[in-house]
Amino acid sequence: MEVCDLYENLKDDVQRYARSIAKHAYEADDLVQDAFMKAIKEPNLAALPLHKQKAWFFRVVKNRMIDISRREKRLVSWEDDLDVAELPISSRNIEMTEWLARLPQSQSDIVFKRFWLGMSSQEIGEQLGMPAATVRYKLQTAIRKLRKLWEEDMT
């Protein structure tokens, strides 16, 4: 039995399952395509009984959906935290420096370099001798702190 035969035998069941766990039909189609692409690389899959083949496809589709969900969640959270337009600081330079002065020096430097000098986290990390991921974490922490300070001032 070839992958083409697997596709013909299982496509309806796999598509139905993918549509039941995906948010959109196009997302389900992508999950099915990914599963059958992975099946091409599995030489022993065709030798399994039908119920095990079906279980294998369902597991691949489910795992792929979990991967996609985790990636989307991670991307959305970074976009929310690093959106310059949502920074709770005034556009005038004097007020900006006042806000930055309320942060610890290390966080203030990172925010300044990122948003006013336009440096990437990699460049900032090289300058400060720390990994880019640490720079992004400290930037995220500084933004949260600025938001909190801003909210406290607004009340």
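About the criteria used
Starting afresh in each chain, residues are numbered from 1 along the sequence in its written order. Only residues with pLDDT of at least 70 get local features here, since the model is predicted, and only at 80 or more are side-chain atom pairs given and counted; chain-wide, interface and lining totals rely on the full set of residues. No hydrogens and no water enter the side-chain calculation; it runs on all heavy atoms of the structure. UniProt positions are given in the numbering used here, feature names are shortened, and annotations may be inferred rather than shown by experiment. A run of H or I in DSSP becomes a helix once it reaches four residues, and a run of E becomes a strand once it reaches two; helices and strands are each numbered from the N terminus. Categorising residues by exposure relies on relative accessible area from a 1.4 Å probe, with only protein chains included: less than 20% of the type maximum marks a residue as buried, more than 50% marks it as exposed, and the intermediate range marks it as partly exposed. Any two residues whose heavy atoms approach within 4.5 Å are treated as being in contact. For every accessible area listed, the method is Shrake-Rupley and the probe measures 1.4 Å; residues are considered covered only by the protein chains on display. By definition here, a salt bridge exists when the distance from a side-chain nitrogen of Lys or Arg to a carboxyl oxygen of Asp or Glu is within 4 Å. Note on terminology: a nonpolar core comprises buried Ala, Val, Leu, Ile, Met, Phe, Trp, Tyr and Cys residues joined through side-chain atoms within 4.5 Å. Stacked, edge-to-face and tilted labels apply to pairs of Phe, Tyr and Trp rings (six-membered ring for Trp) whose centres lie within 6.5 Å, assigned for plane angles under 30 degrees, over 60, and everything in between, in that order.

As recorded by an unreviewed UniProt entry, the protein chain carries the name RNA polymerase sigma factor and is attributed to Paenibacillus solani. Taken directly from UniProt, the Sequence similarities (unreviewed entry) text for the protein chain runs: "Belongs to the sigma-70 factor family. ECF subfamily."

Q: How do you make sense of the overall build of the protein chain when you look at a structure like this?
A: Assigned secondary structure in the protein chain consists of seven helices and zero strands. When the helices and strands of the protein chain are placed in sequence order, the string is α-α-α-α-α-α-α. Counting every position in the protein chain, which comprises 155 residues, the buried fraction comes to 30%. Looking at the protein chain alone, contacts between residues at least 24 apart form 60% of all its contacts between residues at least 6 apart. Accessible surface, the protein chain: about 10,300 Å² in total, of which carbon and sulfur atoms supply 52%.

Q: So what exactly am I meant to see when it comes to the pattern of salt bridges here?
A: Between side chains of opposite charge, a pair can form as their charged atoms come close. With the rule as written, the count across this model stands at five salt bridges. A salt bridge links Arg 19 to Asp 29; its shortest N-O distance comes to 3.3 Å. Placement of the pair is Arg 19 in helix α1 (residues 3-21) and Asp 29 in helix α2 (residues 25-40), with a sequence separation of 10 residues. Among the charged side chains, a salt-bridge network with shared partners connects Asp 13, Arg 16 and Lys 54.

Q: Quick question: what am I supposed to make of the nonpolar core here?
A: Nonpolar side chains in soluble globular proteins tend to be buried together. With 18 residues, the main nonpolar core has Val 14, Ala 18, Leu 31, Leu 45, Trp 56, Phe 57 and Val 61 as its most contacted residues. Elements with a contribution of two residues or more to this core: α1, α2 and α3 (50-81). When sequence neighbours within four positions are dropped, the list of residues in contact with Trp 56 reads Ala 35, Lys 38, Ala 39, Glu 42 and Leu 45. Listed in part, the 14 residues of the second largest apolar core include Leu 103, Val 111, Phe 115 and Ala 142.

Q: Mind showing me how you'd approach the packing of aromatic side chains here?
A: Two aromatic rings are characterised by how far apart their centres lie and by the angle between their planes. A complete count under the given rule lists three aromatic pairs for this structure. Each ring, one from Tyr 17 and one from Phe 58, has its centre 4.6 Å from the other, and the planes form 25°; the classification is stacked. Here Phe 58 lies in helix α3 and Tyr 17 lies in helix α1, a separation of 41 residues in the sequence. When its relative accessible area of 22% is taken as the criterion, Tyr 17 is described as partly exposed. Their ring planes at 90° and their centres at 5.0 Å tell us that Trp 56 and Phe 57 sit as a pair that is edge-to-face. Both residues of the pair, Trp 56 and Phe 57, belong to the buried class. Put simply, the rings of Phe 36, Trp 56 and Phe 57 pair up and form one aromatic cluster.

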